[in-house]
Amino acid sequence: TTGLAGPFGVWLSVPGIASPAQELGRACRYETSLSFRESELIILLTGARFNSHTEFEIHRKEAERAGLPDELINAINSYRG
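For clarity, every value in this text was computed on a predicted model and none was experimentally measured.

**Some points on the packing of helix α4 (residues 53-65) against helix α5 (residues 70-79)**
Move 1: At a closest axis distance of 10 Å, the pairing of α4 and α5 adopts a crossing angle of 165°. Regarding the angle of α4 to α5, the classification is roughly antiparallel. Two packed elements cross with a definite hand, and for α4 against α5 that hand is right-handed. Here F56, E57, R60, A63 and E64 of α4 lie close against α5, whose contacting residues are D70, I73, N74, I76 and N77.

**Description of the side chain of H59**
Move 1: Counting through the fold element by element, H59 comes out in helix α4.
Move 2: Note on H59: relative accessible area 6%, which makes it buried.
Move 3: Aside from chain neighbours lying at most four places away, what touches H59 is R29, E40, I43 and L44.

**Thoughts on α4**
Move 1: Relative to the 18 Å expected for 13 residues at 1.5 Å per residue, α4 spans 19 Å between its end C-alpha atoms, a close match to the ideal helical length.
Move 2: Where α4 bends most, at H59, the angle is about 35°.
Move 3: Among the residues making up α4, those that are buried are E55, F56, H59, R60 and A63.

Thresholds applied
Residues numbered from 1 in each chain as written. Predicted model: local features only at pLDDT ≥ 70, side-chain atom pairs only at ≥ 80, totals over all residues. Heavy atoms only, no water. Axes fitted to C-alpha atoms, helices over the stretch in contact; angles between N-to-C directions. Helix = DSSP H or I, 4+ residues; strand = E, 2+ residues; numbered from the N terminus. Parallel < 35°, antiparallel > 145°, perpendicular 65-115°, else oblique. Left-handed = near helix turned anticlockwise from the far one by under 90°. Contact = heavy atoms within 4.5 Å. Buried < 20%, exposed > 50% of the residue type's maximum accessible area, 1.4 Å probe, protein only. Expected span 1.5 Å × (residues − 1). Bend = angle between axes of the 7 residues up to and from the residue.

Structure follows, in structure tokens:
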């Protein structure tokens, strides 16, 4: 086991899954009509909803960089279980 929660552990331990999963993540994040700010908001909401601490923490800094207010980020963070 890789010690990572969520899908990341599986992706890292099976190279045949890791590369396509990374490509899917890239497409979902960068090849949409969403702005950077909208994308980061949705990622935080999804991470909170599915209790993915790793995803949330990775994207917290990106959300700050995208201009999301700390109050909003903290409110979303308090929603996760």
